[in-house]
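# Observations on the three-dimensional arrangement
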Amino acid sequence: MAGRIAHRILIALALLSAVAGCGYRLESGTARFTDPSVRMDVSPFANRSTTPDAGAVVAARFREELRRSGFRGTFGTIGANYLVEGTIREVRSDTFSHGSDRFALENRLTLVVDVRVVEVVRGGVLWKESGLSETASYFSGTDVQYTEANRRAAFEQVVRRMAVRLSQTLRVLL
């Protein structure tokens with residue numbers, strides 16, 4: 001029994017060393033993403049939705065997520081290497097299901113964003129995407145405060161998801 005376990009461990013170690021010998025590494029990110037001298041301009045996104053602070057909230061969460069995912073550069077407009085521009089196209093709520101009393105029970109909140117990343121020095125567009133969307137469900141009822149609190153929580157959830165998605169894509173691009 002002990003011989004079988006030792007044999008399996010040796011096989012696993014051999015496979016790991018073979019993988020390491022092929023050039024695979026257990027690192028993520030590129031040198032530019034983690035370079036402290038990189039400067040990125042992430043201004044509040046333009047807001048074409050009816051949610052008053054949507055553009056500012058998405059940009060702020062995006063900056064936080066960049067930091068969380070390993071970006072070590074700085075943010076600012078002067079001397080920026082990369083310019084991130086975004087537009088909140090819409091934040092909409094759709095009724096997903098009704099109760100027997102015909103009141104909306106479950107709603108689906110959708111955030112739609114357009115984004116563009118420009119490399120300032122070369123003047124080229126690194127990434128441009130239109131209509132990126134994230135959704136989250138929330139419950140509603142006859143109490144307006146309950147419904148609005150749930151809607152705001154759903155908004156925060158879709159903003160966080162969008163920030164993660166944008167950050168992951170930018171990490172791959174840089």
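This report concerns the structure included in the present document. (Residues numbered from 1 in each chain as written. Predicted model: local features only at pLDDT ≥ 70, side-chain atom pairs only at ≥ 80, totals over all residues. Heavy atoms only, no water.)

## Some remarks on the side chain of T147
- Along the chain, T147 falls in helix α4 (residues 144-173).
- On the accessibility criterion, T147 (18% relative accessible area) is buried.
- In this structure T147 touches Y138, F139, S140 and G141, once residues within four positions along its chain are discounted. (Helix = DSSP H or I, 4+ residues; strand = E, 2+ residues; numbered from the N terminus. Buried < 20%, exposed > 50% of the residue type's maximum accessible area, 1.4 Å probe, protein only. Contact = heavy atoms within 4.5 Å.)

## Looking at the side chain of E134
- Within the element layout of this structure, E134 appears in strand β6 (residues 124-139).
- A relative accessible area of 16% places E134 in the buried class.
- Within the structure, E134 has its side chain in polar contact with the side chain of R165 (distance 3.2 Å).
- Residues in contact with E134, not counting those within four places in the same chain, are L109, T110, L111, V158, R161, M162 and R165. (Polar contact = N/O pair within 3.5 Å; in protein donor to acceptor, adjacent residues only side chain to side chain.)

## A few points about the packing of aromatic side chains
- Counted by the stated rule, this structure contains 2 aromatic pairs.
- Here the aromatic cluster, defined as three or more aromatic residues joined through ring pairs, consists of F33, F71 and F75.
- It is R108 that lies over the ring of F96; its NZ or CZ is 3.8 Å from the centre. (Phe/Tyr/Trp six-rings, centres within 6.5 Å; stacked < 30°, edge-to-face > 60°. Lys NZ or Arg CZ within 6 Å of the ring centre and 35° of its normal.)

## Describing the environment of V38
- Within the fold, V38 resides in the loop between α2 (31-34) and β1 (39-42).
- Each C-alpha atom, one on V38 and one on Y82, is 8.2 Å from the other, the two residues being 44 residues apart in sequence.
- Here V38 is in contact with R32, F71, G73, T74, N81 and Y82, once residues within four sequence places are set aside.

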